[in-house]
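Take a look at the letters that make up each chain.
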Amino acid sequence: MQIKNQIQITVAGKAGQGVLSMGSIIEEYFYNMGLYTFNWKDYASLIKGGPNASMIRVSDEKVKNADQKINILIALDKDSIELHKHNLVTNSILIYNSVVVKESFLSKPNFKQKFYPVGIPLSELSKNIEKTNFYINTIGIGALLSVLKLDISFMNTILTQKYKKKSEKILDNNLRALADGYNFIKDNYSKVPKIFHPKLKNDINHILLTGSDAIALGAVKAGVSFVSAYPMTPATPTFEALNKLSEKHNILCLQAEDEISAVNMTIGASYSGVRSMTMTSGGGFSLMTETIGFSGMSETPLVVLNAMRGGPSTGLPTKTEQSDLRFVLHSSQGEFPRLVVAPGDSEEAFYHTQRAFNLAEKYQLPVIILSDEYLSNSKMIFEDFELDKIFVERGLIIKSAKELGTDEYRRYELAKDGVSPRVLPGTVGLITGSTSDEHNQLSQICEDPDNRIEQMNKRMSKEKSILPEIPKPIIYGKDITDITIICWGSNKNVCIEAGRILEEQEISINVIHFIYLYPLDERKLLPILEKLNKVVIVENNFTGQFAGLLKEKIGFLADEHLLKYNGEPFYPEEIVRFINKKLL
Amino acid sequence: MKKIKSQEKDIAKYNTQDKPNWCPGCGNFGIWVSLKNAITELEIPAYNVVLVGDIGCSGKMPYWLPYNHFNGLHGRSIPIAEGVKLANHKLHVIVIGGDGGLLSEGLQHFIHGAKRDIDITVLLHNNQLYGLTKGQNSSTSDKNYRSGTSIAEIVETPLNPSMLAISANATFVASGFAGNTKHLTQMIKQAILHRGFSFVNAYQPCVTYNYINTYSFYSTKSYNLEDIGYNPQDKTQALIKSMEIDDGDKFPLGVLYQNTNSKSFDERFFKNNDPLINKDLQKVDISASFAIKVKSK
C-alpha cells in the first residue's frame with residue numbers, strides 16, 4: 001500500500017540561516033507526537049552562504065526514505081523558492097519571507113501549479129525581537145505549526161530543552177519568536193486549509209537515529225574500544241558520535257594525522273586484541289588501501305567504514321553516490337579474502353555494524369562497511385532494538401600455554417576452514433607474531449613456493465568458509481512476480497516504496513535487497529535469481545557496479561539498469577516512471 | 001621512569017627457526033645484540049615485548065628475536081605501534097625501522113608520534129641509504145653519497161633525525177652507534193624506561209653500499225656526551241647539540257634530550273591504569289546511549 005497520510009516539509013535557505021537545526025527541531029516535534037519521520041538534508045560544501053535544505057517527511061505510517069514532492073516549503077530566502085518551486089505539489093503551501101520576496105513573483109509564469117502563498121515578514125519580526133535576523137528560523141517554525149493548526153505548547157517544551165543551556169535571554173527570544181510566527185499566521189492566514197490529518201498512535205517505543213549514529217551505536221554494542229580516524233565528509237559524524245559516547249563506554253577515540261595513520265593504529269589495536277574501527281570516505285579509503293591488504297595477509301581483524309560520496313578524486317564532498325563498490329572490492333594489491341557489507345537504513349546499519357566486528361574476528365579478515373552520504377546523514381524512526389538478539393563472537397583466541405597444550409604456538413597453523421587461533425600479545429608464557437610478509441606457520445618470513453601455496457590456500461579458503469554466515473538477500477513482496485527491482489545498500493527503502501506505488505497500479509512486482517555484497521554465495525543466489533522475470537537493477541553510479549558483479553560472479557544479466565549519479569539519492573517517482581516506461 | 005615488575009621474569013620459549021641473513025659485518029648485528037641485551041638486562045618477560053617491524057634489512061629484525069612481533073607496511077610502523085600500545089599499555093612496544101621507513105615514507109608519523117607522546121620506543125636503524133634495494137639514496141644520506149638513483153650534479157642536504165624529533169616535542173632523544181653495543185644497550189634501556197615517545201638514532205654502517213659512513217667514520221668522528229658533562233634536560237641546548245652533525249664532522253652519542261616532567265599520552269588517558277584490552281565486551285549496555293521515546297498516554 002502507498003503511504004496515504006503524509007506530508008513533506010522542506011525548509012530551505014542559505015547555509016548559516018539555521019536551516020538544518022530547524023529541520024531537526026521540526027522532526028523532534030513530530031517524533032514526540034508519536035509520528036514517523038524521515039529527515040534528509042541537502043547541503044553544500046561550505047559553512048556560510050550556499051543553499052541548504054532540510055527535508056522532513058512526516059506520516060502516521062513508517063517513512064524510511066526521501067521524497068521529492070513538497071507539501072510545505074518554508075523558504076527563508078528568494079533563491080530557495082527558485083530552487084524548490086518545481087517540486088511543490090498541487091495545493092501545497094509556500095511560507096516565504098515577505099520582506100525579501102514580492103507577491104508578484106509568486107504568480108504565473110513563475111508558477112504553474114496551484115498553491116497557497118503564505119507571506120510572513122520573517123526578517124522584520126526577527127528584528128523586532130532583537131536587532132538581528134537570528135530568529136527567522138524559529139519564527140518560521142511558529143508559522144509552520146500555525147499553518148498545520150498544531151499545538152504550540154509542545155514546541156515550547158522542545159525549545160526550552162534546547163535553549164535553556166545557552167542563556168535565559170536566548171531561550172526567551174526563541175519562545176517569543178515561535179509565538180510571533182504562530183500568531184502572525186493565525187491573524188492573517190486563517191483560511192489556509194489544514195492539509196495534514198495524522199492518526200496519533202500510543203505505546204510505541206521509537207528510536208530516532210541517523211545512519212551515522214546507528215553505525216556508531218552498532219560499533220559500541222559490538223564492544224569497540226579503539227577508534228582512530230581523520231575527518232572526512234560524510235564519515236565524520238560517525239567519528240563524532242563515537243567520541244561523544246567514548247567516556248561512557250570506555251572507548252579511546254583518536255584523531256590521527258592522516259588516514260594512513262588512522263587505519264594502521266586501528267589494525268595495531270586489533271593485533272593487541274581490542275575491537276577497533278576506522279571511518280572515512282572514498283578519498284581517505286584510497287590512502288588506507290595498503291592496510292586492507294595488510295589485514296588480509298596478516299589475518300588481523302579490521303573494520304573500516306567507507307561512507308561514500310560523489311567521486312572520483314575530491315568529487316562531490318556533500319553529495320551521495322554508490323560508486324566505491326568496485327573500488328573496495330579490489331582495493332589493495334594481491335589476492336585475499338574480505339567482506340563487504342552495505343546496510344539499507346539506520347536500523348540495519350546498527351545490527352550489521354555490530355555483526356561486522358564478529359565476522360572480522362571470527363574469520364580474521366578486513367570487513368568494509370559501505371554507507372553513503374544519504375544513509376549516513378538521513379535520520380529515521382524505527383522500533384526499539386532487539387538487543388537480546390545480539391551476541392559478541394570473538395572467534396578463536398587461546399588464553400594460556402596450558403590451553404594450547406604446548407609452548408610452541410603457530411600463528412598461521414594450517415586449518416581446514418583457514419582460521420587458526422589467535423594468541424594476543426601479553427599472554428603469559430606465549431609469544432605471537434603477525435606479519436605483512438609472506439610467512440610460514442610460525443610467522444617467519446618465508447619465500448618457499450610450497451609454503452606459499454599452503455598459506456595462500458589457507459587464507460583464500462576463508463572466502464568459502466565464511467559463506468554460511470552470509471545471509472540471502474531479502475525479498476520484499478511475493479517470491480515470484482512479473483517485475484523485480486534489485487538494489488543494494490541505501491536504495492532499499494526507496495525501491496520498496498516505488499514497488500508499493502506500482503502495486504497500486506496492479507503491477508506484479510517485488511524488491512530484492514542485498515546487504516552482503518561480497519563474497520556472493522552462488523548456491524544461495526542462483527535459486528532466487530533463476531525464478532525472476534523482468535529485472536531492473538537500481539544503483540547510484542554510472543557503470544552499474546553491482547550489476548557487473550552479479551554478472552561476473554553469478555552470470556546473472558538484468559533487463560534494465562536504472563542509474564543515477566547527479567549526487568542525489570533516488571526518489572520513488574523516478575523508479576516508478578522508469579519501470580512504467582521501460583518494463584511495461 | 002617505568003617500574004618493571006619483578007614477577008614478569010619468566011622468559012617465554014620461542015622458536016626462531018632462522019638466523020639473520022644480513023651481510024657479514026652489517027651494522028644491524030650490533031643493534032640486534034644491543035636490543036636483546038637491553039631487554040634481558042631490564043628483565044622484561046618476552047611475552048610483554050612487541051616489536052613492530054618496518055621494511056628492509058632492519059625490518060626483518062623482529063623475525064630473529066624471541067619477542068612478539070607485528071611486521072607491518074613500509075613507513076607505517078609508528079602508527080601500528082601506537083595502536084598496539086594504546087590497546088594494551090602494559091606491553092613494551094618497540095618500533096624497528098630504517099631511515100627510509102621512519103624518515104621518508106612515514107615521516108609524518110614520526111613527527112606526529114613525537115608530538116602525540118605515546119609511550120613507545122622508536123629505534124632508527126640509520127644506515128643512510130636503502131640497503132635491501134641495493135643502495136639508493138635515503139633522506140639521511142650524506143650529501144656526497146651517490147647511488148644509482150641520484151642526480152650527479154644535485155646535492156641534497158640530509159635530514160637531521162634528532163633535531164626533527166626534539167623540535168616535534170619528543171620527550172626522549174638519544175644517539176648510539178652499532179659499533180659500540182655497550183653504549184647502545186644503555187641508550188635502548190633508557191629509552192624503554194622513559195615514559196613517553198622515546199627515540200634512539202642508531203648509526204648503522206652498511207658494509208656493502210655505504211662507502212662514506214663506515215665503522216671507522218663513526219669511530220673517529222663520534223664522541224660520548226657523558227664525557228663532556230652534557231645536561232640533556234635543556235631543550236635549547238639539545239637543539240643546538242643535535243645540529244652538530246650537520247657539518248658531517250662531529251657525531252655526539254648519548255642522551256641528547258629528555259623531558260622527565262611531562263606525562264605521556266597513555267599516562268594521561270588511562271587514569272585508572274586499566275588497559276582497554278580488559279573491557280568486558282559482553283557487558284556493553286547501550287540502553288542509555290540513545291534517545292528513545294516511550295509514549296504512553
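### Section: the overall build of chain A
Helices and strands together make up the secondary structure of chain A, namely 20 helices and 23 strands. Here the C-alpha radius of gyration of chain A, 26 Å, is about what a compact globule of 584 residues would show, namely 25 Å. Once the C-alpha set of chain A is aligned to its principal axes, its extents read approximately 85 × 60 × 45 Å. Residues counted as buried form 62% of the 584 residues belonging to chain A. When contacts within chain A are restricted to residue pairs at least 6 apart in sequence, long-range pairs at least 24 apart make up 75% of them.

### As for the pattern of salt bridges
Using the criterion set out here, one finds 41 salt bridges over all chains in the structure. Among the ionic pairs, A:Arg422 bridges to A:Glu361, the shortest N-O distance being 3.0 Å. Here A:Arg422 is found in strand 16 (residues 422–423), whereas its partner A:Glu361 is found in helix 12 (residues 346–363), with 61 residues between them in sequence. Residue class for A:Arg422 comes out buried when judged on its relative accessible area of 4%. Residues B:Asp280 and B:Lys283 are paired through a salt bridge, measuring 3.7 Å at the closest nitrogen-oxygen approach. Overall, the relative accessible area of 38% leaves B:Asp280 in the partly exposed class. One connected set of salt bridges, linked through shared partners, spans A:Arg57, A:Asp67, A:Lys69, A:Glu497 and A:Glu573.

### Brief notes about the interface of chain A and chain B
With 76 residues of chain A in contact, the opposing surface of chain B contributes 59 residues. Carbon and sulfur atoms supply 60% of the area that chain A and chain B bury against each other, a total of about 5,600 Å² over both sides. By the criterion of area lost to chain B, the three top residues of chain A are A:Glu257, A:Ile431 and A:Gln444, representing 13% of everything that side buries. Where chain A meets chain B, there are one salt bridge. A salt bridge links B:Arg116 to A:Glu257; its shortest N-O distance comes to 2.6 Å.

### Focus: the environment of A:Ser246
Residues and elements named next belong to chain A. Among the structural elements, serine 246 can be located in the loop between helix 8 (236–245) and strand 9 (252–255). Its relative accessible area of 12% is what places serine 246 among the buried residues. Sequence-wise, serine 246 and serine 225 are 21 residues apart; in three dimensions their C-alpha atoms are separated by 8.4 Å. The residues contacting serine 246, other than those within four sequence positions of it, are Ile251 and Cys253.

### A few points about unusual backbone geometry
Looking along the chain, the bond that leaves A:Thr233 and enters A:Pro234 is cis, with omega of 0°. Along the chain, A:Pro234 falls in the loop between strand 8 (226–229) and helix 8. Residue A:Pro519 is reached from A:Tyr518 by a cis peptide bond, and omega for that bond is -5°. We note that A:Asn250 has phi near 50°; this positive angle belongs to a residue other than glycine. Looking at the element boundaries, A:Asn250 is found in the loop between helix 8 and strand 9. Despite not being glycine, B:Asn169 has its phi angle at roughly 75°, a positive value.

### A few points about the layout of surface pockets
The volume enclosed by the largest pocket comes to roughly 1,300 Å³. Along the wall of the largest pocket there are 39 residues; nearest its centre are A:Ser24, A:Thr210, A:Asp213, A:Lys244 and A:Lys379. Elements with a contribution of two residues or more to the lining of the largest pocket: helix 1 (19–32), strand 2 (36–42), strand 7 (205–210), helix 7 (211–222), helix 8 and helix 13 (373–377) of chain A together with strand 11 (292–294) of chain B. When residues in the lining of the largest pocket are grouped by element, the largest group, eight residues, is from helix 1 of chain A. Looking at the lining of the largest pocket residue by residue, the classes come out as 16 nonpolar, 13 polar and 10 charged.

### Topic: the sheet that holds strand 10 (residues 276–280) of chain A
Residue and element names in this part refer to chain A. Read from one edge to the other, the open sheet built from seven strands follows the order 9-8-10-11-13-12-21, with strand pairing classed as mixed. Either end of the sheet is taken by a strand with one partner, and the two such strands are strand 9 and strand 21 (516–518). Here the average twist between neighbouring strands, direction ignored, is 20°. Here three bridges tie strand 12 (residues 339–341) to strand 13 (residues 366–372), and the two strands are oriented parallel to one another. Looking at strand 13, one finds that valine 340 is bridged to isoleucine 368. Helix-sheet contacts for helix 8 involve strand 8, strand 9, strand 10 and strand 11 (302–308), and the interaxial angle to strand 9 is about 140°.

### Quick notes on the packing of helix 4 (residues 136–147) of chain A against helix 6 (residues 168–188) of chain A
Residue and element names in this part refer to chain A. Close contact between helix 4 and helix 6 brings their axes to 7 Å; oriented N to C, the two are set at 40°. By the angle between their directions, the pair helix 4 and helix 6 is classed as oblique. Of the two possible hands of crossing, helix 4 and helix 6 adopt the one that is right-handed. Facing helix 4, whose interface residues are Thr138, Ile139, Ile141, Gly142, Ala143, Leu145, Ser146 and Val147, helix 6 presents Asn174, Ala177, Leu178, Gly181, Tyr182, Ile185 and Lys186. Each residue belonging to the contact of helix 4 with helix 6 can be placed in one class, and the counts come to nine nonpolar, five polar and one charged.

### Concerning the pairing of strand 5 (residues 88–97) of chain A
Residue and element names in this part refer to chain A. With respect to burial, strand 5 is a largely interior element, seven of its 10 residues being buried. Where strand 4 (residues 70–75) meets strand 5, five bridges bridge the pair, whose relative direction is parallel. Across the sheet, residue alanine 75 finds its bridge partner in strand 5, namely tyrosine 96. Both strand 5 and strand 6 (residues 115–120) contribute to a ladder of six bridges, which runs parallel. Note that in strand 6 the partner of isoleucine 93 across the bridge is tyrosine 116.

### Side note on the side chain of A:Asn39
All names here are of chain A. Mapping asparagine 39 onto the fold places it in strand 2. Overall, asparagine 39 belongs to the buried group, its relative accessible area being 8%. Among the polar contacts listed, one links the side chain of asparagine 39 to the side chain of glutamate 27, at a separation of 3.2 Å. At 3.4 Å, the side chain of asparagine 39 forms a polar contact with the side chain of serine 54. Sequence-distant contacts of asparagine 39, defined by excluding residues within four places in its chain, comprise Gly23, Ser24, Glu27, Ser54, Met55, Ile56, Asn377, Ser378 and Lys379.

### Some details on the pairing of strand 22 (residues 534–539) of chain A
Residue and element names in this part refer to chain A. Of all the six residues making up strand 22, five are buried; the element is thus mostly covered by neighbouring parts of the structure. The sheet contact formed by strand 19 (residues 483–488) and strand 22 spans four bridges and is parallel. Within strand 22, the residue paired with isoleucine 483 across the bridge is lysine 534. For the crossover from strand 22 across helix 19 (residues 545–554) to strand 23 (residues 560–563), the handedness is right-handed.

### Section: the nonpolar core
Core analysis: the biggest nonpolar cluster contains 83 residues, and A:Ile486, A:Phe514 and A:Leu550 have the highest contact counts within it. A:Ile3, A:Leu339, A:Tyr363 and A:Ile369 belong to the second largest nonpolar core, which has 75 residues in total.

What counts and what doesn't
Residues numbered from 1 in each chain as written. Chains lettered and ligands numbered in written order. Predicted model: local features only at pLDDT ≥ 70, side-chain atom pairs only at ≥ 80, totals over all residues. Heavy atoms only, no water. Helix = DSSP H or I, 4+ residues; strand = E, 2+ residues; numbered from the N terminus. Rg over C-alpha atoms; globule rule 2.2 N^0.38 Å. Buried < 20%, exposed > 50% of the residue type's maximum accessible area, 1.4 Å probe, protein only. Contact = heavy atoms within 4.5 Å. Salt bridge = Lys/Arg side-chain N within 4 Å of Asp/Glu carboxyl O. Buried area = accessible area lost by both parts, 1.4 Å probe. 1 Å grid on protein atoms, 1.4 Å probe; cavity = no way out; pocket = protein on both sides within 12 Å on 5 of 7 lines; lining within 4 Å. Points joined across faces, edges and corners; volume = space filled by probe spheres on them. Nonpolar A, V, L, I, M, F, W, Y, C, P; charged D, E, K, R; others polar. Pairing = 2+ DSSP bridges. Axes fitted to C-alpha atoms, helices over the stretch in contact; angles between N-to-C directions. Parallel < 35°, antiparallel > 145°, perpendicular 65-115°, else oblique. Left-handed = near helix turned anticlockwise from the far one by under 90°. Polar contact = N/O pair within 3.5 Å; in protein donor to acceptor, adjacent residues only side chain to side chain. Right-handed = clockwise from strand over helix to strand, strands pointing away. Core = buried A, V, L, I, M, F, W, Y, C linked by side-chain atoms within 4.5 Å.

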